[in-house]
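One letter stands for each residue in the lines below.
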Amino acid sequence: MKQPESWMDRERRSDPAFADRLRDAVDCLKEKGYQARIDPEGPRIAYSSTEEFARADADQATCEREAFSEAIASYGNG
């Protein structure tokens, strides 16, 4: 069964500013003390270890929402 497209997948596919917004999310995570980076094969956010990845879950969601807030707000207008 095919899963519905997530908002992040939609952004990755359709937003020309995706890379810039993802960098903003990574910068936010770095400010919170994580060793976050962009994995170019995703592109997606990657961490130095699986433990850090697990710890960052809530902070990553917050940083992504902040970085992509303008795009997310437009979903109801299209």
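Structure: above.
Residues numbered from 1 in each chain as written. Predicted model: local features only at pLDDT ≥ 70, side-chain atom pairs only at ≥ 80, totals over all residues. Heavy atoms only, no water.

### Overview of the overall build of the protein chain
Thought 1: Helix and strand content of the protein chain: five helices and two strands.
Thought 2: Written out in order from the N terminus, the α and β elements of the protein chain read α-α-β-β-α-α-α.
Thought 3: Computed over C-alpha atoms, the radius of gyration of the protein chain comes to 13 Å, within 12% of the 12 Å expected from 2.2 N^0.38 for 78 residues, which places it in the range of a compact globule.
Thought 4: For the C-alpha atoms alone, the extent of the protein chain along its principal axes is close to 35 × 30 × 20 Å.
Thought 5: With 78 residues in all, the protein chain has 31% of them scored as buried.
Thought 6: Considering only contacts within the protein chain whose residues lie at least 6 apart along the sequence, 43% involve residues at least 24 apart.
Thought 7: For the protein chain, the exposed area adds up to about 5,500 Å²; of that, 47% sits on carbon and sulfur atoms.
Thought 8: A gap of 3 Å separates the mean positions of the 12 positive and 17 negative side-chain charges of the protein chain. (Helix = DSSP H or I, 4+ residues; strand = E, 2+ residues; numbered from the N terminus. Rg over C-alpha atoms; globule rule 2.2 N^0.38 Å. Buried < 20%, exposed > 50% of the residue type's maximum accessible area, 1.4 Å probe, protein only. Contact = heavy atoms within 4.5 Å. Areas by Shrake-Rupley, 256 points an atom, 1.4 Å probe, with all protein chains shown as cover. Lys, Arg positive; Asp, Glu negative; His and termini not counted. Charge placed at Lys NZ, Arg CZ, Asp CG, Glu CD.)

### A word on the side chain of aspartate 39
Thought 1: As for its placement among the helices and strands, aspartate 39 is situated in strand E1 (residues 37-39).
Thought 2: A distance of 3.0 Å separates a polar side-chain atom of aspartate 39 from the backbone nitrogen of glutamate 41.
Thought 3: With sequence-adjacent residues up to four places away left out, aspartate 39 is seen in contact with Arg44 and Ala46. (Polar contact = N/O pair within 3.5 Å; in protein donor to acceptor, adjacent residues only side chain to side chain.)

### A look at the environment of glutamate 52
Thought 1: Along the chain, the position of glutamate 52 falls in helix H3 (residues 50-55).
Thought 2: A relative accessible area of 4% places glutamate 52 in the buried class.
Thought 3: On a C-alpha basis, the gap between glutamate 52 and methionine 8 in space is 21 Å, while along the polypeptide they are 44 residues apart.
Thought 4: Excluding residues that lie within four positions of it along the chain, glutamate 52 makes contacts with Gly33, Tyr34, Gln35 and Tyr47.

### Points about the pattern of salt bridges
Where charged atoms of side chains with opposite charge meet at close range, the side chains can pair.
Thought 1: Taken as a whole and judged by the stated rule, the model has five salt bridges.
Thought 2: As a salt-bridge pair, arginine 23 and aspartate 20 come within 2.4 Å of each other at their nearest N and O atoms. Of the two residues, arginine 23 and aspartate 20 both sit in helix H2 (residues 18-31), three residues apart, roughly one turn of that helix.
Thought 3: Arginine 44 is the salt-bridge partner of aspartate 39, the closest N and O atoms lying 3.1 Å from each other.
Thought 4: The buried category is assigned to aspartate 39, whose relative accessible area is 15%. (Salt bridge = Lys/Arg side-chain N within 4 Å of Asp/Glu carboxyl O.)

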